[in-house]
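Single-letter residue listing:
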Amino acid sequence: MLGHLIGVLFDGVAYGSLLFVISIGLSVTMGLMNFVNLAHGAFAMLGGYVCVVLMTQSGVPFLAALPIAFVASAAVGMLLERTLYRRLYRATHLEQVMFSIGLVFMSIAAATWLFGPSQQPMRLPAFLRGQLSVLGVDIGIYRLFLIGVVAVITVALHLTLVRTRFGAQVRAAVDNPVAAAGLGIDVDRVFAVTFALGSGLAGLGGGLGIDVLGLDPTFPLKYVVYFLLVVAVGGAGTIKGGLVAAVVLGVADVAGKYYVPEIGAFIIYVLMVVLMIAFPAGLYGKRT
Amino acid sequence: MTTPAPAHPGAHPGVQAGAQPVLRTTGLSKHFGAFKANSDVDLAIPAGARHALIGPNGAGKTTLINLLTGVFPPTAGDVFLGDERITRLAQHERVKRGLARTFQINTLFGGLTVLESVVLAICERDGRAGVWHRTVAAQRREIDEALALLELLRLEGDANTLTRNLAYGRQRLTEIALALATRPRILLLDEPAAGIPAGESAELFAAIAGLPKDVTILFIEHDMELVFRFAQRITVLVGGRVLTEGAPAQIAADPRVREVYLGEAQHG
Amino acid sequence: MREGTATERALAGEATRGERALRLPADRWHAAEIAFWVGAAAAYFAFPNYRVLASQILITGLFAVSLDLILGYAGIVSLGHAAFFGAGAYAAGLLASHGWGEPLSGLAVAAAVAAAIGFATSFLVVRGSDLARLMVTLGIGLMLFEAANKASSITGGVDGLSGIEMWKVLGLYAFDLAGSTAYLYSLAVVFVLFVLVRRLVHSPFGLSLRGVRENVRRMPALGAPVSRRLVAIYTASAAIAGVAGALLAQTTQFVGLDTLGFPRSADLMIMLVLGGTGRLYGGLVGAAVFMTAHHYLSGINPVYWQFWLGLLLVLIVLFARGGILGALAALRDRREGRAR
């Protein structure tokens with residue numbers, strides 16, 4: 001009984017970590033540029049397909065494919081930001097939503113055409129398969145791997161934000177873009193690099209998540225609610241908030257589906273409603 | 001009921017000394033954590049007064065206006081409108097009781113015409129804004145009143161212009177029109193001349209001079225020409241506290257005020 | 001002292017004391033509007049083989065107009081409006097499949113059910129930021145979809161709800177297979193509701209909604225109870241969407257899960273943006289163009305349809321934000337040389 005609980009918790013935390021890695025880019029974009037980007041999931045999908053193609057067509061090992069997925073998504077993100085997204089920073093939220101839905105449709109169609117509509121099969125490398133016995137409980141090795149990777153990424157993000165000059169620029173721009181520009185911070189460059197970074201992380205998350213979340217052309221729409229939830233509940237533009245929100249959501253979703261499968265899918269929505277009422281600006285919301 | 005601050009003879013021509021103030025605060029304070037935006041502010045503004053609030057940047061003037069209008073609640077102290085305590089009242093409730101404000105940065109309805117904006121304000125005031133089954137054009141009384149108000153502020157030529165296409169100075173006037181449309185007892189003007197170059201403020205000055213005498217006016221300003229032209233009484237705010245209060249001539253001669261402003265660049 | 005008659009003259013289009021006429025929301029029907037509705041009635045005779053498609057266009061157009069009320073006029077971005085459409089459809093469908101097939105009362109029940117759901121969820125929607133609203137509306141749409149899916153014993157689940165038998169409209173006109181009664185019935189209902197929406201949009205209430213959309217911060221400073229207004233319009237919009245859904249159920253005698261799904265909400269938004277938001281007829285125009293195009297292109301690979309639709313969206317946002325009606329208005333303005 002307790003073993004099940006711990007297993008569920010681990011699954012939930014792993015799932016939540018994955019959501020965090022993918023959503024953190026969206027959170028910062030939202031907090032920094034006040035841009036609602038529903039196409040964020042498409043960058044995750046891109047990373048996933050890059051991994052699959054590299055692994056099946058070129059025999060690249062999984063661990064090597066992941067950084068390449070990161071770079072590919074970051075590059076595409078940078079390109080789109082420079083050419084398209086930046087023209088819409090001052091647009092209304094409706095226009096941003098329509099634009100990003102348009103991008104999502106295009107990406108889903110392209111993915112269907114290139115890869116077909118079904119789930120991509122995934123074979124994890126041998127050393128990541130199987131279970132490990134920890135304190136008498138069987139934990140999936142891949143789950144542990146996920147949690148480990150995300151923990152490292154989170155620490156790296158935190159250090160970047162807090163210790164580097166770029167991180168200080170990002171924090172300033174999130175807090176007050178007008179004042180930041182007045183201080184001589186190249187806000188345009190901060191936006192571009194942050195967007196690319198966020199897209200890259202999404203791509204990395206997409207690759208990491210093939211086994212857990214699945215990968216098919218409808219990925220961006222299937223999970224968009226979760227990404228929005230992490231950002232809305234965690235508060236746009238915060239790392240700590242996003243992490244807590246993602247883990248809470250992950251655990252709630254997994255636990256819900258495990259313990260009460262008939263209404264499991266509703267747990268997330270009920271939680272969303274409750275949290276939105278209690279914390280209208282998110283758990284660690286940015287003060288607007 | 002505590003008595004209002006003693007009035008200097010002649011300080012408010014036409015207003016009886018000892019009459020109940022329209023707007024009064026007692027010990028009003030607002031702290032944001034350790035930062036004390038306003039501390040212990042006592043104000044008493046009689047009906048019909050033209051009262052200015054001046055002070056260097058960061059003195060807490062806009063915070064005070066936000067406290068008076070109900071944008072956020074005070075940390076301590078009270079606000080009285082007439083004899084009613086409005087300290088915890090919501091913004092739109094205060095407007096209904098006769099307290100209106102303009103914004104330092106134009107907060108207008110860009111996609112509505114000037115006439116539409118003012119008609120909207122008047123409909124909100126007299127409760128017709130919930131009417132859904134008759135057209136706006138059929139609200140004759142409201143339209144007449146709106147046109148009269150526009151004439152008062154010399155805006156009638158711009159009645160059909162979209163607010164976002166107006167010249168900046170006329171947008172400032174539209175700000176005032178919207179606030180006046182609520183038929184306030186007291187009008188709080190937050191830097192009405194903000195952003196208007198010194199040479200172009202004549203129109204604005206004329207509009208303020210033409211405001212109805214029964215509307216009490218409290219205005220924040222940096223433009224000293226405007227202040228000394230229109231204010232009958234001036235309160236000086238420094239570091240969130242009231243430094244001094246008095247007639248313009250007194251304030252101009254006060255060495256403490258001169259010290260606070262000495263070396264400060266004048267913002268037009 | 002201004003005369004009431006001077007204002008009347010001004011509103012009738014004459015200049016007043018040498019100034020331009022006053023531009024205020026009024027109730028004069030423009031020639032284009034009359035042409036539109038005459039055309040819609042004439043389509044009954046002109047395109048007898050397309051009556052089914054035509055009623056679908058009218059129904060979807062009404063649905064789009066209901067979204068325009070909250071999106072184009074009040075500025076609430078909603079990704080889950082299909083929830084109300086589907087709720088109305090299932091309400092009317094279940095009513096009929098359980099023995100009560102009277103059409104007009106079915107519409108009333110559907111409106112009530114949809115309005116109730118709208119009212120209940122409005123408190124979440126009117127309070128949040130745009131992001132919160134997006135998420136809440138999306139979430140509620142998904143939640144209702146899941147609910148309908150799970151309750152397949154009632155709703156028919158994936159197979160849909162059939163066995164809907166409608167009685168005669170007003171006791172006189174039976175629904176026929178060719179869709180003739182369905183078309184005239186839909187046209188009548190849509191027209192009546194549209195006239196009501198049109199009046200609302202031109203009223204002081206409509207003006208206050210535009211005020212909320214233009215600058216929500218200024219509204220409390222004018223004494224406006226913003227949340228109350230938004231709850232009212234959100235509920236009204238839900239009710240109208242519910243009627244549209246009920247019309248679909250009654251005229252096609254079938255209700256599928258797709259009436260509640262995200263694709264329907266997304267397609268609706270696209271139609272509205274295509275036609276032009278905040279312009280009253282945008283929903284109708286967008287629905288007509290979108291569904292006609294979909295009808296003629298229905299043979300192509302759905303992947304292509306989705307791709308070009310996405311591209312169209314991106315292009316509209318970048319280059320033609322006002323949609324079709326916006327582009328027409330800009331053309332007209334330029335031709336009349338108005339300096340605005």
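Not measured: the values here are computed from a predicted model.

Trainee: How do you make sense of the nonpolar core when you look at a structure like this?
Mentor: Formed by 279 residues in total, the largest nonpolar core has its most connected members in V230 of chain A, V118, L150 and A177 of chain B together with A114 and V243 of chain C. Not counting residues up to four positions away in its chain, the partners in contact with A114 of chain C are F84, A87, G88, A238, A239, A241 and G242 of chain C.

Trainee: What is the right way to read the confidence of the model for chain B from this model?
Mentor: All names here are of chain B. With 90% of its residues at a pLDDT of 70 or more, chain B shows a mean pLDDT of 84. Across chain B, element-level confidence peaks in helix 3 (residues 114-125) with a mean pLDDT of 93 and bottoms out in helix 6 (residues 202-209) with 79. Low pLDDT, under 50, characterises residues 1-16; the predicted model gives this stretch 22 contacts beyond four residues in sequence or across chains. In the model, residues 263-268 has pLDDT below 50 throughout and makes six contacts with residues more than four positions away in sequence or in other chains.

Trainee: Looking at this structure, how should I read the packing of helix 12 (residues 239-259) of chain A against helix 13 (residues 264-278) of chain A?
Mentor: In helix packing, the relevant descriptors are the interaxial angle and the interaxial distance, both defined with respect to the helix axes. Residue and element names in this part refer to chain A. In the contact formed by helix 12 and helix 13, the axes pass within 7 Å of each other and the chain directions differ by 150°. The element helix 12 and its partner helix 13 pack so that their crossing is right-handed. Of the residues in helix 13, those in contact with L249, A252, D253, G256 and K257 of helix 12 are G264, I267, I268 and L271. Counted by class, the contact of helix 12 with helix 13 contains five nonpolar, two polar and two charged residues.

Trainee: When you look at the interface of chain A and chain C in this model, what are you seeing that I'm missing?
Mentor: It is common to give the size of an interface as the accessible area that goes away when the parts come together. On the chain C side, the residues contacting the 34 residues of chain A number 31 residues. Counting residues per element, the ones that place at least two in the side of chain A that touches chain C are helix 4 (93-115), helix 11 (224-234) and helix 13 of chain A. It is helix 4 of chain A that provides the largest number of residues to the side of chain A that touches chain C, a total of 16 residues. Considered class by class, the residues forming the side of chain A that touches chain C number 29 nonpolar, three polar and two charged.

Trainee: It is not clear to me how the pairing of strand 2 (residues 137-140) of chain A should be interpreted in this structure. Could you clarify?
Mentor: A regular strand places its side chains on the two faces of the sheet in alternate fashion. All names here are of chain A. Of the pairings in the sheet, the one linking strand 1 (residues 131-134) to strand 2 comprises four bridges and is antiparallel in character. By the bridge assignment, Q131 is partnered in strand 2 with G140. Counting the residues that bridge the hairpin from strand 1 to strand 2 gives two residues, and of these L135 lies at a positive phi of roughly 50°.

Trainee: What exactly am I supposed to notice about the interface of chain C and chain B here?
Mentor: Facing the 32 residues of chain C at the interface are 42 residues of chain B. Listing elements by their share of the side of chain C that touches chain B, those giving two or more residues are helix 1 (4-11), helix 8 (180-201), helix 9 (204-214) and helix 10 (218-221) of chain C. Of the residues belonging to the side of chain C that touches chain B, the class tally is 14 nonpolar, eight polar and ten charged.

Trainee: Mind showing me how you'd approach the sheet that holds strand 5 (residues 84-85) of chain B here?
Mentor: Note: strands within a sheet are paired through backbone hydrogen bonds, in either parallel or antiparallel orientation. Residue and element names in this part refer to chain B. Pairing is antiparallel in the open sheet, where four strands are placed in the order 2-1-4-5. Every other strand in the sheet has two partners, leaving strand 2 (35-45) and strand 5 as the edge strands with one partner each. Here strand 4 (residues 76-81) runs beside strand 5; their pairing, made up of two bridges, is antiparallel. Among the inter-strand pairings, F80 is bridged to a residue of strand 5, identified as R85. Sitting on the sheet, helix 1 (residues 61-69) is in contact with strand 1 (23-32), strand 2 and strand 4, with an inclination near 65° to strand 2.

Conventions adopted
- Residues numbered from 1 in each chain as written.
- Chains lettered and ligands numbered in written order.
- Predicted model: local features only at pLDDT ≥ 70, side-chain atom pairs only at ≥ 80, totals over all residues.
- Core = buried A, V, L, I, M, F, W, Y, C linked by C-beta atoms within 7 Å.
- Buried ≥ 20, exposed ≤ 12 C-beta atoms within 10 Å, placed from the backbone.
- Contact = placed C-beta atoms within 7 Å.
- pLDDT = per-residue confidence, 0-100.
- Helix = DSSP H or I, 4+ residues; strand = E, 2+ residues; numbered from the N terminus.
- Axes fitted to C-alpha atoms, helices over the stretch in contact; angles between N-to-C directions.
- Left-handed = near helix turned anticlockwise from the far one by under 90°.
- Nonpolar A, V, L, I, M, F, W, Y, C, P; charged D, E, K, R; others polar.
- Pairing = 2+ DSSP bridges.

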